[in-house]
Amino acid sequence: MLILLRQGKISKWFSGIGQEAISVGVTQALQSDEWIMPLHRNLGVFTGRNMPLSKLFMQWQGNKEGYSKGRERSFHFGSAAHHICGMISHLGPQLAIADGVALAHKLKGEQKVSVAFSGDGGTSEGDFHEALNVAAVWDLPVIFVIENNGYGLSTPVNEQFRCFSLADKARGYGMEAVRIDGNNLLEVYETIKGVREYCINNQKPYLIECMTFRMRGHEEASGVKYVPPELFELWEKKDPVKRYEEYLIETAVLSDTAIEQIKADTKVYIERELQIAGQATILTPDTNEELSDVYAKLSVVSNQLSVEQHPNYAGTHHSPLTTHSYSTKGPEKRFVDGIKEALHQSMQQHPNLILMGQDIAEYGGAFKITEGFVEEFGKQRVRNTPLCESAIVGAALGLSLEGYKSMMEMQFADFAAVGFNQIINNLAKIHYRWGQNADVVIRMPTGGGVGAGPFHSQSNEAWFVHTPGLKVVYPSTPEDAKGLLIAAINDPNPVLYFEHKALYRSISGPVPEAYYETEIGKARIVDEGDDITIITYGAGVHWAMDYAKNHRYLSIYILDLRTLLPLDYAAIGTAVAATGKVLLLHEDTLLGGIGGEIAAWIAENCFSYLDAPVLRCASLDTPIPFNLELEKNFMAYSRLDEYVKRLINY
Ligand SMILES: Cc1ncc(C[n+]2csc(CCOP(=O)(O)OP(=O)(O)O)c2C)c(N)n1
């Protein structure tokens, strides 16, 4: 690797020289179908799972025939076939994915563990603590392996933490832990074997701190000036490969000549594989392919268990799926009931659907949407979570690796901020990066109007609309609340489902009793009209409808976007053409809101239809305030009349 890097034949990569025994020992001690979440020093995990070197070289050359079609660098890729989950640069988030995989094993009653790696530096991340806590509280068979090599990038451990050993951190969570010599291959191997048995038999997590040393810089360019030279001399003597070689000679397992032969054969193998990699075709960008790989296809169910195969299957009744048409009628239900019915029918439909969230089990959730679910579907599928938003999003992804669907309820959309990294970097990017889907729905109780202040009423949908790989839906009616949630759960991609809290019990409408989908990506014409067009979503739809009702002399075309990512551009175009005067209305603040994006699209694509500038009516560019009068003043609705008049009078 060093030679190839210097020759420019592979790109920047992170050396595990001096730490090989850990990756190799761990991988050899596991079954080949047990998931590993490796990090940047774990080449031995990839080679240990027998990934062809030629394809690995193509990966490091950014070639299309590597593991990520040239989209990812160094070790940031995974392969479901090899049960290796690709890391993201942020390190800590990978630990919770192992929780999710372990939960899947537990639910299926499988005799398996998952393994996640961390460096000593990574143990300072909040994600480390959340992942350990969830694993401990849920009694998950997961092994956390820490490679304590004494340094972060350059930061020594005494500037990283104050506990004596990292194993102590596990004890704080009620988890067993052990510190071992990470440079002794057999010690690593035997420890993992034993710990694996412990985790499976006791259904508990375990932490292993492997003491080791990094013999080279963080990566080659950064050097090792900050490391006292005597440490290299000390650790050189403990080199894991040499030690194992000596052991094999001492015990007469191998002779000097046999070792020379192995080295010669390996060299030939490497050269041959490198040559194959060198013959790979040069990558030519294909924009269509780039765009279409962002999302998993709707038909992708490759790693899904069929309903009947599933251990949770109890012969539940399965209704045929229909697509909702607006001629369909149903009993009057509240918005909140539409959500509840969608979840209930989806739980019956998908025995592999797991619900997770704070207080969602016996308590029924902050908004009582899952009331009664735990009695009907059990604690395994309706899971109270600790206050660990990041780890729960990560666990949801882990469940998806093992063919489960999951719905996570954010208690309030505002709290997605502490799970943000997992959502935008792990869930959103995974399919584009290495072809793995994230079959996860996150419910986001959102919006203001009830005097709940800056941290219980934000509109944060725009944070997510800007992230390729996510889908963002935002119903405004009870029937769409049901149909969009069913569609979101059926969709194999990560979907953020925004539900406006003020609509929960204030809005009612017909909700068909059938199990049906409202198609994601399709807007709805609420009303046709000739004077002006209002394009909106969520609470904005009701503001626009109220306004139209109170101003009957105006003929207003109202478009409910329903999905914000992907947007229904055809419907937007038609709505613009209908009146030539467009107002974008949303509860979110103005700057960087979705209205700006749609206004730009209209300017670019519908200029000839316009009879007035596109206007945006949004909330004030301040945090959302608590006092009801201040909140009213903040809300876009308080300026709606002014904007409509400006548009009409233009
Ligand atoms: C969240 C985050 N912060 C900072 C970095 C930059 N960074 C990459 S590796 C690294 C050091 C990691 O140290 P450690 O966990 O001990 O692992 P090691 O590299 O020593 O194996 C840092 C600071 C990062 N990748 N992610």
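Everything numeric in this text was worked out from a predicted model, so none of it was measured. (Residues numbered from 1 in each chain as written. Predicted model: local features only at pLDDT ≥ 70, side-chain atom pairs only at ≥ 80, totals over all residues. Heavy atoms only, no water.)

Give a description of the overall build of the protein that names residues and reports values.
The helix and strand inventory of the protein stands at 24 helices and 21 strands. Relative to the compact-globule value of 26 Å for 650 residues, the protein shows a C-alpha radius of gyration of 28 Å, a close match. C-alpha extents for the protein along the principal axes are approximately 95 × 55 × 45 Å. Out of the 650 residues belonging to the protein, those deemed buried represent 57%. Surface accessibility of the protein: about 26,200 Å² in total, with carbon and sulfur atoms responsible for 55%. Across the protein, the 58 positively charged side chains and the 78 negatively charged ones have centroids separated by 1 Å. (Helix = DSSP H or I, 4+ residues; strand = E, 2+ residues; numbered from the N terminus. Rg over C-alpha atoms; globule rule 2.2 N^0.38 Å. Buried < 20%, exposed > 50% of the residue type's maximum accessible area, 1.4 Å probe, protein only. Areas by Shrake-Rupley, 256 points an atom, 1.4 Å probe, with all protein chains shown as cover. Lys, Arg positive; Asp, Glu negative; His and termini not counted. Charge placed at Lys NZ, Arg CZ, Asp CG, Glu CD.)

A description of the site of the ligand should follow, citing residues and the corresponding values.
In the neighbourhood of the ligand, 15 residues make up the surrounding shell, with His-40, Arg-41, Ser-89, Gly-121 and Gly-122 lying closest. In the model, an oxygen atom of the ligand is placed 3.1 Å from a nitrogen or oxygen of the Asp-120 side chain. Look at the ligand: alone it shows 580 Å² of surface, and the protein chains cover 69% of it. The cavity where the ligand resides is the second largest pocket. In the shell around the ligand, the residues fall into three nonpolar, nine polar and three charged. (Near = heavy atom within 4 Å. Polar contact = N/O pair within 3.5 Å; in protein donor to acceptor, adjacent residues only side chain to side chain. 1 Å grid on protein atoms, 1.4 Å probe; cavity = no way out; pocket = protein on both sides within 12 Å on 5 of 7 lines; lining within 4 Å. Sits in = over half its atoms within 2 Å of the grid points. Nonpolar A, V, L, I, M, F, W, Y, C, P; charged D, E, K, R; others polar.)

Can you break down the side chain of Asn-148 residue by residue, with the values?
With respect to the element layout, Asn-148 can be found in strand 3 (residues 142-148). For Asn-148, a relative accessible area of 5% gives the class buried. Within polar-contact distance, the side chain of Asn-148 engages the side chain of Glu-209 at 2.9 Å.

Pulling in residues and values, what's your account of the nonpolar core?
Phe-144 and Phe-464 are the most contacted members of the largest nonpolar core, which totals 85 residues. It is helix 5 (residues 93-108) that contributes the most residues to this core, nine residues altogether. The contact partners of Phe-464, leaving out residues within four places of it in the chain, are Ala-416, Phe-420, Ile-423, Ile-424, Met-444, Leu-470, Val-472, Leu-496, Phe-498 and Leu-565. Ranked by size, the runner-up nonpolar core spans 40 residues in total, among them Ile-10, Val-145, Val-188 and Ile-192. (Core = buried A, V, L, I, M, F, W, Y, C linked by side-chain atoms within 4.5 Å. Contact = heavy atoms within 4.5 Å.)

I'd like to hear about the side chain of Glu-219, residue by residue, with values.
Mapped onto the elements, Glu-219 comes out in the loop between strand 5 (206-211) and helix 9 (229-236). Although Glu-219 is buried, it forms no salt bridge, and the closest oppositely charged side chain is Lys-12 at an N-O distance of 4.1 Å. (Salt bridge = Lys/Arg side-chain N within 4 Å of Asp/Glu carboxyl O.)

Which residues make up the pattern of salt bridges, and what values do they have?
It is possible for side chains of opposite charge to pair when their charged atoms get near one another. For the structure shown, the criterion picks out 30 salt bridges. For Arg-216, the salt bridge is made with Glu-220, and the minimal N-O distance between the two is 3.1 Å. Arg-443 serves as the salt-bridge partner of Glu-409, at 2.9 Å between the closest nitrogen and oxygen. Within this pair, whereas Glu-409 is found in strand 10 (residues 405-409), its partner Arg-443 is found in strand 11 (residues 440-446), the two being separated by 34 residues in sequence. Per residue, the accessibility class of Glu-409 equals that of Arg-443, and both read buried. One salt-bridge network, in which partners are shared between bridges, spans Lys-64, Lys-69, Arg-71, Glu-289, Glu-290 and Asp-293.

By themselves, these are just geometric observations and shouldn't be taken as functional.
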